[in-house]
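Architecture and fold: a report
Listed below are the residues making up each chain.
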Amino acid sequence: MRDAIVLESTESIQTDPPSKDFALKNGSSLDRIDPVYWRLGERKVDAMGAGKVVCDGREMMMLASNNYLGLAGDARLMRSGMEAIKSWGNSTSGSRLLNGTNQLHLKLEERLRAFKRLESVVVFQSGYMGNLGVLSSIVSKDDVVIIDKLVHASIIDGCKLAGASVRVFKHQNMESLEKVLKRIAPTIKKLVVVDGIYSMDGDFAKLPELTELAHRYGALVMVDDAHATGVAGPHGRGTADHFGSVEPDIVTGTLSKAFGCFGGFVGSTKQVTDFVKYNSHSFIYSTSLCPSVTASLLTALDIVEKEPERRENLWACTRYLLHGLNQLGYNTGLSETPIIPIILDDENTMFNLVARLDSDDIFVSPVIYPACPRKAPRVRLSLTAEHIIADMDRVLGSLERHGRALGVIN
Ligand SMILES: Cc1ncc(COP(=O)(O)O)c(C=O)c1O
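A few points on the structure. Keep in mind the model is a prediction, meaning the values are calculated, not measured.

Right, let's get into helix α11 (residues 270-279). The α-helix advances 3.6 residues per turn, and as a result positions three or four apart in sequence lie on the same side. All buried positions along α11 are accounted for by V272, T273, F275, V276 and N279. Along the axis of α11, the buried residues cluster in a sector spanning 160 degrees; they form a single face. Those residues of α11 hidden inside the fold are in contact with β4 (120-124), α6 (127-138), β9 (250-254), β10 (264-268) and α12 (281-284).

With that out of the way, let us pick up the sheet that holds strand β2 (residues 52-55). Across the sheet, which stays open at both edges, the 4 strands sit in the order β1-β2-β3-β12 with mixed pairing between neighbours. Two strands bound the open sheet, and with one partner strand each, they are β1 (47-49) and β12 (362-363). Pairing of β1 with β2 involves 3 bridges; the strand directions are antiparallel. Counted as the bridge partner of M48 is V53 from β2.

For sheets, the rule is that strands pair by backbone hydrogen bonds, running either parallel or antiparallel. Pairing in this open sheet of 7 strands is mixed, and the strands run β4-β10-β9-β8-β7-β5-β6 from one edge to the other. What marks the edges here is a single partner per strand, and that holds for β4 and β6 (165-169). Across the sheet, the axes of successive neighbouring strands diverge by a mean angle of 20 degrees, strand direction being ignored. Set on the sheet, α11 makes contact with β4, β9 and β10; between it and β4 the angle comes to about 25 degrees.

With that out of the way, let us pick up the site of the ligand. The immediate surroundings of the ligand are formed by 15 residues, with S126, G127, Y128, A226 and T254 found nearest. A per-class count over the shell around the ligand returns 3 nonpolar, 10 polar and 2 charged.

Time to look at unusual backbone geometry. Of the consecutive residues Y369 and P370, the connecting peptide bond is found in the cis state with omega at 10 degrees. Residue placement: P370 occurs in the loop between β13 (365-367) and β14 (378-382). A positive phi is found at S93, a non-glycine position, where the angle reads about 55 degrees. Within the fold, S93 resides in the loop between α4 (75-88) and α5 (103-116). The exposed category is assigned to S93, around which 12 C-beta atoms lie within 10 Å. Backbone geometry at Q172 places phi at a positive 60 degrees, although glycine is not the residue there. Relative to the helices and strands, Q172 is located in the loop between β6 and α8 (174-183).

Within β9, 5 of the 5 residues are buried, which leaves it mostly tucked inside the rest of the structure. Sheet topology places strand β8 (residues 220-224) next to β9; 3 bridges connect them, and they run parallel. Residue pairing in the sheet places V223 in a bridge with V251 of β9. With 4 bridges joining them, β9 and β10 adopt antiparallel strand pairing.

This part takes up the pairing of β6. The side chains of a regular strand alternate, residue by residue, between the two faces of the sheet. Across 5 bridges, the pairing between strand β5 (residues 144-148) and β6 is parallel. Paired with I147 across the strands is V168, a residue of β6. Regarding topology, helix α7 (residues 153-162) serves as the crossover connection from β5 to the parallel β6, and that connection is right-handed.

Let's shift gears to the environment of K44. The residue K44 is located in the loop between α3 (35-41) and β1 in this model. We classify K44 as exposed; it has 8 C-beta atoms within 10 Å. Considering only alpha carbons, one finds K44 and D56, 12 residues apart in sequence, at a separation of 7.4 Å.

Core analysis: the largest hydrophobic core is formed by 109 residues, its most contacted members being L135, V145, I146, V192 and V193. For this core, the element with the most residues is α6, which contributes 6 residues. Split by domain, this core shows at least three residues from each of two domains, domain 1 (33-62 + 308-406) and domain 2 (76-306). In this view, V192 contacts I146, L210, A214, A219 and V221; residues no more than four positions away in its chain are not counted.

Calculation notes
Residues numbered from 1 in each chain as written. Predicted model: local features only at pLDDT ≥ 70, side-chain atom pairs only at ≥ 80, totals over all residues. Buried ≥ 20, exposed ≤ 12 C-beta atoms within 10 Å, placed from the backbone. Helix = DSSP H or I, 4+ residues; strand = E, 2+ residues; numbered from the N terminus. Arc of directions from axis to C-beta. Contact = placed C-beta atoms within 7 Å. Pairing = 2+ DSSP bridges. Axes fitted to C-alpha atoms, helices over the stretch in contact; angles between N-to-C directions. Near = placed C-beta within 6 Å. Nonpolar A, V, L, I, M, F, W, Y, C, P; charged D, E, K, R; others polar. Right-handed = clockwise from strand over helix to strand, strands pointing away. Core = buried A, V, L, I, M, F, W, Y, C linked by C-beta atoms within 7 Å. Domains from an automatic or database assignment.

Shown next as structure tokens:
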């Protein structure tokens, strides 16, 4: 199975030119967006604090970041970054395969490899670039990529770049996945791709069942562990750690969420990561991670490993808020993680609820199609280790009042 992981070895170049027919030219897409969305969709943050932000002079509780462990503002990460700037400067000024690899990159790859319990890891400049890089290099147009309906956009873009055939199965539905697998000839190479934790729904992929099923049909499994790395499992190693004994063939992720910086990674066998390194354009033709970020990430890894209490507090707040919301009668869908959607029936109600929370100094994300199904707009809440139970009580109090006023709950 592992030897067969490199799905193709020759073609890695996308030939279709990008369409010039973009939304502004057609004139319709922007008109359709509610003006409230423009205001709430790109609010200017003036300052950040522990679980809080300042916007337009107002201190607000931050319930919309991916700063799961509260490391984005951690002084130790900042110090490491500043020290690295003194020794290494601001930029590597080159891509990894030319002059842009230094000992910080190699150390980070080794530390991540050990943390994620993988054979090999290659670091990218972002999670988006990692997904683009791995899919465009190991998948060819003769292969089939089978994706959960709700996978992240970077996976869909990676498939487009690879020129692969894409088949979609219903979200988390193993019968639907099996139906798709059955219809593909056994001789065709197949890769099943899922998110470890779904970014707009907050549910875990059913990794043990899914991996068993995919392997039974000769398909490989790739998991995007962007939201689970640092967060899920007894050691915070991600989705595989959460479930125990399950081994996906490829794991990708970001370093911008629990690790509080930015960057991304692709992990698998050494054969695969070497192949990805030498074939993915997003790795080869882009300047490597800057020294300050790379050094801060090494410190972030130390903290993730040595301070499990951050994760424990995050999960305690998660359980408390989920329970409280469900008691109030809110629909939180399949959520079981620090990403908690409040799913509503229409966009107007959703925007009204977001605006009311905003007026209570609570910063949340409004989410509409295509980031979620058209008929299920949502207020997306996401927690950090810097929140405390009293914050959750404040949010629940606010949501109780406004939900009743809007007729969303009884
Ligand atoms: C599931 C998932 N994959 C990939 C990414 C991209 O990561 P990055 O922000 O590091 O490019 C994100 C970011 O939102 C994500 O949620």
